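Structural overview for review
The residues making up each chain are set out below.
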There are 2 protein chains.
Amino acid sequence: MRADAQRNRARLLAVAEEVFTTKGTTASTEEVARAAGVGIGTLFRHFPTKEALLEAVLVGRLERIVAEADSLSQVDDPGEAFHTFFARVVGESGTKKALADALAAAGVDVGRATRQSGKDLARALHKLLGRAQGSGAIRDDLGVPDLVALLVGASRAVEQLGADPDAQRRVISVVLNGLRPSPPGGVTAT
Amino acid sequence: MRADAQRNRARLLAVAEEVFTTKGTTASTEEVARAAGVGIGTLFRHFPTKEALLEAVLVGRLERIVAEADSLSQVDDPGEAFHTFFARVVGESGTKKALADALAAAGVDVGRATRQSGKDLARALHKLLGRAQGSGAIRDDLGVPDLVALLVGASRAVEQLGADPDAQRRVISVVLNGLRPSPPGGVTAT
């Protein structure tokens, strides 16, 4: 792809994400093209169907989460890095879920579409979690599948609360405190 | 309703719950009638449609959860009572969700069907949570909506893990530890 075509594609994706986030995934491709200031033909050259566009937006979000996990794996305080990552992913999960739901409803196999970014994410989470556990900030009996389940569950809890930022922070802080090494008298897993 | 009709209804409900739990909510009313050892006509006299039967099973489960919360509100150790309640509800939530999903898919308004038991549950949770907070076992900035969100989220996390009881226990223990009053250096909600 030529450099200007790549730039156009990236710009369309950014605009599409913004439109789907603010107006919901029922927004039309025409709305996306209009918001991007291009004709619908240009949009369809890059994304032949609305499903292809939704899928590209979802994969883009997952890739950004991977990049964020990788980047946070470089910072000095592994526990703080882990907390930052967890809170951000859960805070942004609403739209990601809406995109995945829209794709699933359209008959797109979300698992297939996101397989590679899912693998990249598992690798990035492994590193982020391992560092935080190594520093003693996170209890060391948890694995990546546990962490994924907690990310999914915390996202569902936040969704349940609706637009109440204080309540969302309370619930995220419950999970983050629970991820600390078990205190004396704490609840053990057995 | 005569006493024997009430007994028949209760028995049909118990058998229906067992069948829907083990075979899934796609199991037919004929299967339920057969398992209960009654004719399909008897079943339909009590539950005119499959949706009515599913709804009654769901309401019955919610009522049992309310009864459990009320009963645990009587025991001596409020913190232990709260932990027991949380772990049981999350552990049993898989089927409840399957029932609710089947009803929603059949076009039944789950909210309306379960409105009264939902109110009873809020009242029971208020008491259970208040006692546990009064005893210092649970952080006192949480309200009933936060607790409901955490129950829903923990259930989603457990669902995500699939049939791995050890992982399910680890994830539930993360949330229960996080519900304790914030330790020194813990993550606050603000």
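Attention in this report is confined to the structure presented alongside it. (Residues numbered from 1 in each chain as written. Chains lettered and ligands numbered in written order. Predicted model: local features only at pLDDT ≥ 70, side-chain atom pairs only at ≥ 80, totals over all residues. Heavy atoms only, no water.)

1. Let's talk about the overall build of chain A
Regarding its fold elements, chain A presents 9 helices and 0 strands. Here chain A holds 190 residues, and the buried ones make up 45% of them. Of the contacts formed within chain A by residues at least 6 apart in sequence, a portion of 70% connects residues at least 24 apart. When the accessible surface of chain A is split by element, carbon and sulfur atoms take 52% of a total near 9,200 Å². (Helix = DSSP H or I, 4+ residues; strand = E, 2+ residues; numbered from the N terminus. Buried < 20%, exposed > 50% of the residue type's maximum accessible area, 1.4 Å probe, protein only. Contact = heavy atoms within 4.5 Å. Areas by Shrake-Rupley, 256 points an atom, 1.4 Å probe, with all protein chains shown as cover.)

2. Some thoughts on the packing of helix α1 (residues 3–23) of chain B against helix α2 (residues 29–36) of chain B
All names here are of chain B. At a minimum axis distance of 9 Å, the contact between α1 and α2 shows a crossing angle of 120°. As summarised for this structure, α1 and α2 are arranged oblique, according to the angle between their axes. Helix-helix and strand crossings are classified by hand; for α1 and α2 the assignment is right-handed. In this structure, α1 contributes Arg11, Leu12, Val15, Ala16, Val19, Phe20 and Lys23 to the contact, and α2 contributes Glu31, Val32, Ala35 and Ala36. When the residues that make up the contact of α1 with α2 are grouped by side-chain class, the tally is 8 nonpolar, no polar and 3 charged. (Axes fitted to C-alpha atoms, helices over the stretch in contact; angles between N-to-C directions. Parallel < 35°, antiparallel > 145°, perpendicular 65-115°, else oblique. Left-handed = near helix turned anticlockwise from the far one by under 90°. Nonpolar A, V, L, I, M, F, W, Y, C, P; charged D, E, K, R; others polar.)

3. Quick word on helix α1 (residues 3–23) of chain A
Residues and elements named next belong to chain A. Its 21 residues give α1 an end-to-end C-alpha distance of 30 Å, which sits within 8% of 30 Å, the value for a rise of 1.5 Å per residue. Every buried residue belonging to α1 is among Ala5, Leu12, Leu13, Val15, Ala16, Glu17, Val19 and Phe20, and all of these are buried. Phi turns positive, to about 90°, at Gly24, one or two residues after α1. (Expected span 1.5 Å × (residues − 1).)

4. Some points on the environment of A:Arg61
Residues and elements named next belong to chain A. Its place among the elements puts Arg61 in helix α4 (residues 50–72). C-alpha separation for the pair Arg61 and Val174, spaced 113 residues apart in sequence, amounts to 26 Å. Within the local environment of Arg61, its side chain forms a polar contact with the side chain of Glu17, the two groups lying 3.1 Å apart. (Polar contact = N/O pair within 3.5 Å; in protein donor to acceptor, adjacent residues only side chain to side chain.)

5. With respect to the packing of helix α7 (residues 115–134) of chain A against helix α8 (residues 144–161) of chain A
Residue and element names in this part refer to chain A. Where α7 meets α8, the axes come as close as 10 Å, and the angle between the chain directions of the two elements is 100°. Relative to α8, α7 is oriented roughly perpendicular. Between α7 and α8, the contacting residues are Ala122, Leu125, His126 and Leu129 on the first element and Val144, Leu147 and Val148 on the second. Of the residues in the contact of α7 with α8, the class split is 6 nonpolar, 1 polar and no charged.

6. Side note on the pattern of salt bridges
Tallied over the entire structure, the rule returns 16 salt bridges over all chains. For A:Asp141, the salt bridge identified is with A:Arg139, shortest N-O distance 3.0 Å. A:Asp141 gets classed as partly exposed once you look at its relative accessible area, which sits at 34%. Judged by its relative accessible area of 5%, A:Arg139 falls in the buried class. With a shortest N-O distance of 3.1 Å, B:Glu17 and B:Arg61 are connected by a salt bridge. With B:Glu17 in helix α1 and B:Arg61 in helix α4 (residues 50–72), this pair connects stretches of sequence that are 44 residues apart. One salt-bridge network, in which partners are shared between bridges, spans A:Glu17, A:Arg61 and A:Arg64. (Salt bridge = Lys/Arg side-chain N within 4 Å of Asp/Glu carboxyl O.)

7. Quick notes on the side chain of B:Gln133
Residues and elements named next belong to chain B. The topology assignment puts Gln133 in helix α7 (residues 115–134). Given the relative accessible area of 17%, Gln133 is considered buried. Within the structure, Gln133 has its side chain in polar contact with the backbone oxygen of Arg139 (distance 2.9 Å). A polar side-chain atom of Gln133 sits 2.9 Å from the main-chain carbonyl oxygen of Leu142. Other than its neighbours up to four places away in sequence, Gln133 contacts Ile138, Arg139, Asp140, Asp141 and Leu142.

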